Amino acid sequence: ATSVLGFVTSTIGAFVALFGAVADGMSTNKILGGHIYDLTFMAALSILIVPASLLKTLSVRAFFRDIVFVAISSILIFLIFMDDYIVWYETLLLVAIFLLYLLAVRFLRKFMTSKIPKIEAVGNPIGSEPENVEMEDLKDTEPLSLTTTPGSSCCESVFHFISLPAKIPFMFTIPSRSWKCCDASQMAKLYPLTLIVSFVWLGILSYLVIIIANDWGRLVGLPGPITGILIAPVSFDLMSSIILAKRGDLPIAIHAIIGRALINLCLTFGIPTLIYNTISGASLQVSSEGSIYSLIIMMLAVIVLIIEVAISKGKLKKAWGILPLVLFILHMVAALALAYEFIKLPF
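Residues numbered from 1 in each chain as written. Predicted model: local features only at pLDDT ≥ 70, side-chain atom pairs only at ≥ 80, totals over all residues. Heavy atoms only, no water.

Student: Can you help me understand the overall build of the protein in this one?
Tutor: For the protein, the count of helices and strands is 15 helices and 3 strands. Counting all 347 residues of the protein, 38% fall into the buried class. Sequence-distant contacts, at least 24 apart, represent 81% of the contacts inside the protein between residues at least 6 apart. (Helix = DSSP H or I, 4+ residues; strand = E, 2+ residues; numbered from the N terminus. Buried < 20%, exposed > 50% of the residue type's maximum accessible area, 1.4 Å probe, protein only. Contact = heavy atoms within 4.5 Å.)

So, in structure tokens, the structure goes:
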């Protein structure tokens, strides 16, 4: 779900940014840079904050399948950018890679299903989840409210009043249990509308964050890469990964990170570029400057995760988050040095 969410919001931004990139110069750093952050910092943070008592084992086969396609897509992006032009059949190849990935998902699912013996359960066996677990979890969650909850601390009360300008439009536009006009069972049927409206709000908020951050960066004289590093920690993707990790769903968090990378590389970049090539009838001019560096860091991040998952057999305890974090710090230092021209790439 978080991968699809990222695709919807990122694609909107890609259409807006694509035509500006024709003049400014789209580069491999802009395409792979965000995913280096995802596969290093976000993966490391998810591993470090997951409670040991709630840690779940990552599916090794599914992980290898996803990460291999990310590596293939990254290499393909590098090859596409080498001649500084992107033509329609190159972006079509990216979309084809994603379709091939969907076939691989389908094949692996059928393979795993055929390997699992069918056991008929009688009643509600020990260890099985009750059928109404989702409804019970829903009852435990607090709906949005315009008043502070009883017993809330001073900081919580201050945060509540600060967030009221966001809570009010959310309450009146997003169908939820906060709407007292309808029965709760009837509101549950409106989940598609809730999902769509949430996508729209997330797209609006993401756009505002990027616009405000860019304007602030230009105002204080920060280069684009530095501004990106500063606003990256407040991304919605990071928040969703933290929530998943804290409740022990590390496999979902890791697969969401990899899934977002794959969707963004193949579809979020591929589809808008393909449409641009088709409508304009011309190739898109890009920049291959720094492509080798971006590819090396991306492949290092992929290799680190592969080695850790292989050695731990999918049981990623806190210690496994140190190496990706160190790689992110080294990459951040190098990015700062390159942005301020303290060092220059030999290639």
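Picking up where we left off.
Student: Quick question: what am I supposed to make of the packing of aromatic side chains here?
Tutor: On inspection of all chains with the given rule, the structure shows 9 aromatic pairs. In this structure an aromatic cluster arises from ring pairing among Tyr37, Phe41 and Phe328. (Phe/Tyr/Trp six-rings, centres within 6.5 Å; stacked < 30°, edge-to-face > 60°.)

Student: Hey, could you run me through the pattern of salt bridges in this one?
Tutor: Side-chain pairs of opposite charge can arise whenever the charged atoms involved come near each other. Tallied over the full model, the rule gives 3 salt bridges. A salt bridge links Arg65 to Asp66; its shortest N-O distance comes to 2.7 Å. The burial state of Arg65 is the same as that of Asp66; both residues are buried. In this structure, a network of salt bridges that share partners links the residues Lys56, Arg247 and Asp249. (Salt bridge = Lys/Arg side-chain N within 4 Å of Asp/Glu carboxyl O.)

Student: How should the packing of helix 2 (residues 28–49) against helix 15 (residues 322–339) be read in this particular structure?
Tutor: Any two packed helices are characterised by how steeply their axes cross, that is the angle between the axes, and by the distance between the axes. One can describe the packing of helix 2 onto helix 15 by two numbers: an axis separation of 8 Å at closest approach and a directional angle of 140 degrees. Classed by the angle they form, the pair helix 2 and helix 15 counts as oblique. The two elements helix 2 and helix 15 cross, and the hand of that crossing is left-handed. For the pair formed by helix 2 and helix 15, the contact residues are Ile36, Tyr37, Leu39, Thr40, Phe41, Ala44 and Leu48 on the first element and Ile322, Pro324, Leu325, Leu327, Phe328 and His331 on the second. Here the contact of helix 2 with helix 15 is composed, by residue class, of 11 nonpolar, 2 polar and no charged. (Axes fitted to C-alpha atoms, helices over the stretch in contact; angles between N-to-C directions. Parallel < 35°, antiparallel > 145°, perpendicular 65-115°, else oblique. Left-handed = near helix turned anticlockwise from the far one by under 90°. Nonpolar A, V, L, I, M, F, W, Y, C, P; charged D, E, K, R; others polar.)

Student: I would appreciate a short explanation of helix 7 (residues 164–173) in the present structure.
Tutor: Of the residues making up helix 7, those classed as buried are Leu164, Lys167 and Met171. Across the axial projection of helix 7, the buried residues extend over an arc of 55 degrees, all falling on one side. Buried residues along helix 7 sit against helix 6 (154–162). (Arc of directions from axis to C-beta.)

Student: Mind showing me how you'd approach the side chain of Thr273 here?
Tutor: Mapped onto the fold, Thr273 is located in helix 13 (residues 270–280). Separated by 2.6 Å, the side chain of Thr273 and the backbone oxygen of Phe269 make a polar contact. (Polar contact = N/O pair within 3.5 Å; in protein donor to acceptor, adjacent residues only side chain to side chain.)

Student: What is the right way to look at the nonpolar core in this model?
Tutor: As a rule of thumb, nonpolar side chains are buried together in soluble globular proteins. With 58 residues, the main nonpolar core has Leu39, Phe63, Phe81 and Ile254 as its most contacted residues. Put simply, the parts of the chain that give this core at least two residues each are helix 2, helix 3 (60–81), helix 4 (88–115), helix 11 (236–246), helix 12 (250–268), strand 3 (284–287), helix 14 (291–312) and helix 15. Residue contacts for Phe63: discarding those within four places in its chain leaves Leu58, Ile254, His255, Ile258, Leu305, Ile306 and Val309. (Core = buried A, V, L, I, M, F, W, Y, C linked by side-chain atoms within 4.5 Å.)

Student: Looking at this structure, how should I read the environment of Thr149?
Tutor: For Thr149, the position within the fold is in the loop between helix 5 (133–140) and helix 6. On a C-alpha basis, the gap between Thr149 and His160 in space is 9.5 Å, while along the polypeptide they are 11 residues apart.

Student: Would you mind going over the confidence of the model for the protein with me for this structure?
Tutor: The predicted coordinates ought not to be read in detail in places where the model reports low pLDDT. Counting all residues, the mean pLDDT for the protein is 76, and 74% of those residues have values of 70 or more. Here helix 5 is the element of the protein with the lowest mean pLDDT, 45, and helix 14 is the one with the highest, 92. With pLDDT under 50 throughout, residues 18–23 is counted as low confidence; its partners more than four residues away or in other chains account for 10 contacts. A low-confidence stretch, residues 119–140 (pLDDT under 50), is modelled with 3 contacts involving residues beyond four sequence positions or located in other chains. (pLDDT = per-residue confidence, 0-100.)

Student: Quick question: what am I supposed to make of the packing of helix 12 against helix 13 here?
Tutor: At a closest axis distance of 5 Å, the pairing of helix 12 and helix 13 adopts a crossing angle of 5 degrees. Accordingly, the angle class assigned to the pair helix 12 and helix 13 is roughly parallel. Residues Leu265, Cys266, Leu267 and Thr268 of helix 12 form the contact with helix 13, whose participating residues are Gly270, Ile271 and Pro272. Looking at side-chain class alone, the contact of helix 12 with helix 13 contains 5 nonpolar, 2 polar and no charged residues.

Student: When you look at the side chain of Asp38 in this model, what are you seeing that I'm missing?
Tutor: One can find Asp38 in helix 2. Put simply, Asp38 is tucked away with no salt bridge, and the nearest opposite charge, on Arg260, sits 4.8 Å away. With near-sequence residues (within four places) excluded, Asp38 lies in contact with Ala43 and Ile257. (Lys, Arg positive; Asp, Glu negative; His and termini not counted.)

Student: In this structure, what is going on with unusual backbone geometry? I would like to understand it.
Tutor: In terms of backbone geometry, most residues other than glycine have negative phi values and most peptide bonds are trans. Of note, Lys313 is a non-glycine position whose phi angle comes to about 55 degrees, a positive value. Mapped onto the fold, Lys313 is located in the loop between helix 14 and helix 15. Residue classification places Lys313 among the exposed residues on the basis of a relative accessible area of 64%.

Student: Any chance you could explain a nonpolar patch on the surface here in plain terms?
Tutor: Side chains of Ile196, Val200, Ile204, Tyr207, Leu208, Ile211 and Ile212 sit close together on the surface and give an oily, nonpolar patch of about 650 Å² of accessible area. Within the secondary structure, Ile211 sits in helix 9 (residues 191–220). Classification of Ile211 by relative accessible area gives partly exposed; the value is 33%. (Patch = residues over 30% accessible without salt bridge, like charges linked within 9 Å, V, L, I, M, F, W, Y side chains within 5 Å. Areas by Shrake-Rupley, 256 points an atom, 1.4 Å probe, with all protein chains shown as cover.)

Student: Would you take a moment to explain the environment of Asn264 for this structure?
Tutor: With respect to the helices and strands, Asn264 occurs in helix 12. The spatial distance from the C-alpha of Asn264 to the C-alpha of Leu32 is 9.6 Å, given a sequence separation of 232 residues.

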